[in-house]
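Chain residues, written in single-letter form:
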Amino acid sequence: MDALDTKWTLDHIRQHIEDGVPLVPLFNIDVIEASPERGAVRLREGDHVTRPGGSIAGPVQFALADVATYALILAARHDEHAVTVDLTINFLRPAMSLPLVAVATSLRAGRRLFTAEVRITEESSGRLISHATTTYALSAADPADVG
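Taken together, the side chains of Val 83, Val 85 and Leu 113 define a hydrophobic patch exposed on the protein surface, amounting to about 250 Å² of accessible area. Inspection of the secondary structure assignment puts Leu 113 in strand E5 (residues 113-122). The class of Leu 113 is partly exposed, set by a relative accessible area of 42%.

Spelled out as structure tokens, the structure:
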């Protein structure tokens, strides 16, 4: 690992996301893994995450998918300027218990676009709650140019 790579630890990625994505602390989202293979986040109990009836709101699950993918991209590409260009989510069943865990894995890591799959599950049961695919535009064409 060279000096440039030492900045991209889990702690650095966690802090970068907490500081730069205001909804992360608002929704009580924790970055629990950030590696070139997986980005994972956990949604803990908190205000602003449920809808009437007690299920976890769809926009909160959307945010989980997006943040998990961003953690993956930070670890895999070190591209803090990457932006979401598409996110499609399928809600498979109501999420009635917290915490939820969202795990993003790469489907295709191209030069300009990075596409990932995200599976959101209830941590206690492992039941699949929703499934998303995300695409991010990368800020640099060559990963070696990203610093």
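Continuing now.
Moving on, we come to the environment of Arg 119. With respect to the secondary-structure elements, Arg 119 resides in strand E5. For Arg 119, a relative accessible area of 41% translates into the label partly exposed. Taking the C-alpha atoms as reference, Arg 119 lies 8.8 Å from Thr 105; in sequence the two are 14 residues apart. Ignoring anything within four residues of it in the chain, the contact list for Arg 119 reads Val 101, Ala 102, Val 103, Leu 128, Ser 130 and His 131.

Time to look at the pairing of E5. By the bridge criterion, nine bridges tie strand E4 (residues 100-109) to E5 in an arrangement that is antiparallel. Its bridge partner lying in E5, Val 101 is registered against Thr 121. Where E4 folds back onto E5 in an antiparallel hairpin, the turn is made up of three residues. For E5 and strand E6 (residues 128-137), the ladder comprises nine bridges, and the chain directions are antiparallel. Within E6, the position partnered with Leu 113 by the bridge is Ala 137. Between E5 and E6, which pair antiparallel and follow one another directly, the connecting turn spans five residues, one of which, Gly 126, has a positive phi of 75°.

Calculation criteria
- Residues numbered from 1 in each chain as written.
- Predicted model: local features only at pLDDT ≥ 70, side-chain atom pairs only at ≥ 80, totals over all residues.
- Heavy atoms only, no water.
- Patch = residues over 30% accessible without salt bridge, like charges linked within 9 Å, V, L, I, M, F, W, Y side chains within 5 Å.
- Areas by Shrake-Rupley, 256 points an atom, 1.4 Å probe, with all protein chains shown as cover.
- Salt bridge = Lys/Arg side-chain N within 4 Å of Asp/Glu carboxyl O.
- Helix = DSSP H or I, 4+ residues; strand = E, 2+ residues; numbered from the N terminus.
- Buried < 20%, exposed > 50% of the residue type's maximum accessible area, 1.4 Å probe, protein only.
- Contact = heavy atoms within 4.5 Å.
- Pairing = 2+ DSSP bridges.

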